[in-house]
Amino acid sequence: MAVYEIVKDGFLEEHLPNVREIYRAQGSCMLDAIKREFPSTVTWTKPEGGMFIWLTLPEHIDSTKLLEKAIAQNVAFVPGAPFYSGAGRANTLRLSFATVPEDKIRTGIAILGKLLKEA
């Protein structure tokens with residue numbers, strides 16, 4: 001019933017292009033900041049849709065331990081290991097750009113970049 005209420009009057013068709021543009025801008029902002037701030041030893045995906053960027057860190061960096069340091073500086077991400085069906089890779093993580101304004105994206109990525117360089 002909830003889905004019906006959202007789609008019955010065209011709200012979804014009207015709202016979706018706006019959301020896509022916001023996510024496109026925020027995703028581009030995050031990708032630009034990552035390119036600028038992260039060491040060359042970090043790789044990442046360029047999403048073709050969705051709200052997340054997947055990162056692979058150097059093997060010696062455990063994203064769960066990195067998260068503790070990031071949270072202490074008001075930056076958060078999701079460690080990647082739980083996303084694997086078997087043994088997870090501790091050196092992976094997922095960043096979301098969907099609910100974060102561009103100025104905070106740039107600040108957060110700069111902080112995370114500094115932590116990665118220190119690691």
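Residues numbered from 1 in each chain as written. Predicted model: local features only at pLDDT ≥ 70, side-chain atom pairs only at ≥ 80, totals over all residues. Heavy atoms only, no water.

Caption draft 1: Spatial organisation of the overall build of the chain. In terms of helices and strands, the chain carries four helices and four strands. Each helix and strand of the chain, ordered N terminal to C terminal, gives the series α-α-β-β-α-β-β-α. In terms of principal-axis extent, the alpha carbons of the chain reach across some 50 × 35 × 25 Å. Relative to its 119 residues, the chain shows a buried fraction of 33%. Within the chain, contacts between residues at least 6 apart in sequence are counted, and of these 62% link residues at least 24 apart. Accessible surface, the chain: about 7,600 Å² in total, of which carbon and sulfur atoms supply 57%. If you average the places of the 14 positive and of the 14 negative side-chain charges in the chain, the two averages end up 7 Å apart. (Helix = DSSP H or I, 4+ residues; strand = E, 2+ residues; numbered from the N terminus. Buried < 20%, exposed > 50% of the residue type's maximum accessible area, 1.4 Å probe, protein only. Contact = heavy atoms within 4.5 Å. Areas by Shrake-Rupley, 256 points an atom, 1.4 Å probe, with all protein chains shown as cover. Lys, Arg positive; Asp, Glu negative; His and termini not counted. Charge placed at Lys NZ, Arg CZ, Asp CG, Glu CD.)

Caption draft 2: Looking closely at the UniProt feature "domain: Aminotransferase class I/classII large" (unreviewed entry) in the chain. According to UniProt, the "domain: Aminotransferase class I/classII large" (unreviewed entry) feature falls on residues 14–109. Secondary structure content for residues 14–109 is 43% helix and 15% strand, and the end C-alpha separation is 32 Å. (UniProt positions renumbered as here; feature names shortened; annotations may be inferred.)

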